[in-house]
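Next come the chains, spelled out residue by residue.
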Amino acid sequence: MEIKVADTKALYDQCLDIRMKVFVDEQNVPADVEVDEFEDVCTHFVLFDDSGEAAGTVRYRPLDGGLVKVERMAVLKDHRGKKYGYDLMEGVHQHARSAGHLKAKLGAQVHAIPFYEKLGYAVASDEFDDAGIPHKYMTREL
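Residues numbered from 1 in each chain as written. Predicted model: local features only at pLDDT ≥ 70, side-chain atom pairs only at ≥ 80, totals over all residues. Heavy atoms only, no water.

So what's going on with the overall build of the protein chain? Residues and values would help.
When you go through the protein chain residue by residue, the secondary structure sums to 4 helices and 8 strands. Seen in sequence order, the protein chain has helices and strands lined up from the N terminus as β-α-α-β-β-β-α-β-α-β-β-β. Taking 14 Å as the expected radius of gyration for a compact globule of 142 residues, we find that the protein chain reaches 14 Å, a close match to that expectation. Counting only C-alpha atoms, the protein chain reaches 35 × 35 × 30 Å along its principal axes. Relative to its full complement of 142 residues, the protein chain shows a buried share of 44%. Sequence-distant contacts in the protein chain: of pairs separated by 6 or more residues, those separated by 24 or more amount to 57%. Once the 18 positive and 26 negative side-chain charges of the protein chain are each reduced to a mean point, those two points are 4 Å apart. (Helix = DSSP H or I, 4+ residues; strand = E, 2+ residues; numbered from the N terminus. Rg over C-alpha atoms; globule rule 2.2 N^0.38 Å. Buried < 20%, exposed > 50% of the residue type's maximum accessible area, 1.4 Å probe, protein only. Contact = heavy atoms within 4.5 Å. Lys, Arg positive; Asp, Glu negative; His and termini not counted. Charge placed at Lys NZ, Arg CZ, Asp CG, Glu CD.)

This is how it looks when you write it as structure tokens:
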């Protein structure tokens, strides 16, 4: 397993491909909502399995006050259950921390809250709707 910063068009396109498969195809998020105005200000990551196949992605964007917002965490269906989501999140935390950020925030799909709690996140909001899916904001120190 290897995680790379998607700093080329080819790597970024792999991130988008994973996001389209997970969010648009599986979860019915509209494609025009999935790709947003923050693409260019985010740091994108892609995870490759041991065979070199792109299996997961995540991104973060800086906000004010040392805060980052972690977004678009997705692992392809065939690769779930291998702790790749955990690896991606730990990679994002390490990268953001080394860039001087102090705290992370994310909008967790309600069913995924236990996953993020295991990573040290705590629920920080009431439930809200995002693209027809119930979410709650969660935060943690980096």
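Which residues make up helix α3 (residues 84-98), and what are the values?
If you check α3, its first and last C-alpha atoms are 21 Å apart, about what 15 residues at 1.5 Å a residue would give, namely 21 Å. Those residues of α3 that sit buried are Tyr84, Gly85, Leu88, Met89, Gly91, Val92, His93 and Ala96. With its phi angle positive at about 95°, Gly100 sits one or two positions after the end of α3. (Expected span 1.5 Å × (residues − 1).)

Pulling in residues and values, what's your account of the pattern of salt bridges?
Counted according to the given criterion, the structure contains 12 salt bridges. With a shortest N-O distance of 3.0 Å, Arg80 and Glu26 are connected by a salt bridge. A residue pair is termed long-range when its members are at least 10 positions apart, and Arg80 in the loop between β4 (67-75) and α3 and Glu26 in helix α1 (residues 9-26) qualify at 54 residues. Residue classification places Glu26 among the partly exposed positions, given a relative accessible area of 32%. It is possible to trace a salt-bridge network through shared partners that takes in Arg19, Glu34, Asp36, Glu39, Arg59, Arg61, Lys69, Glu71 and Arg72. (Salt bridge = Lys/Arg side-chain N within 4 Å of Asp/Glu carboxyl O.)

Before we move on, could you go through the nonpolar core and cite the residues and values that matter?
Val58, Val70, Met89, Leu106, Tyr116 and Tyr121 are the most contacted members of the largest nonpolar core, which has 24 residues in total. Listing elements by their share of this core, those giving two or more residues are β2 (43-48), β3 (54-62), β4, α3, β5 (103-109) and α4 (113-118). Looking at which element gives the most residues to this core, the answer is α3, with 5 residues. Not counting residues up to four positions away in its chain, the partners in contact with Met89 are Val58, Val70, Met73, Leu106, Phe115, Tyr116, Leu119 and Tyr121. (Core = buried A, V, L, I, M, F, W, Y, C linked by side-chain atoms within 4.5 Å.)

Go over the environment of Ala104, please, and point to the residues and values.
With respect to the helices, strands and loops of the structure, Ala104 is situated in strand β5. Relative accessible area serves as the criterion here: at 0%, Ala104 is assigned to the buried category. As a C-alpha pair, Ala104 and Glu34 span 70 residues in sequence and 21 Å in three-dimensional space. For Ala104, the contacting residues outside a window of four places in its chain are Leu67, Val68, Val70, Tyr121, Met138, Thr139, Arg140 and Leu142.

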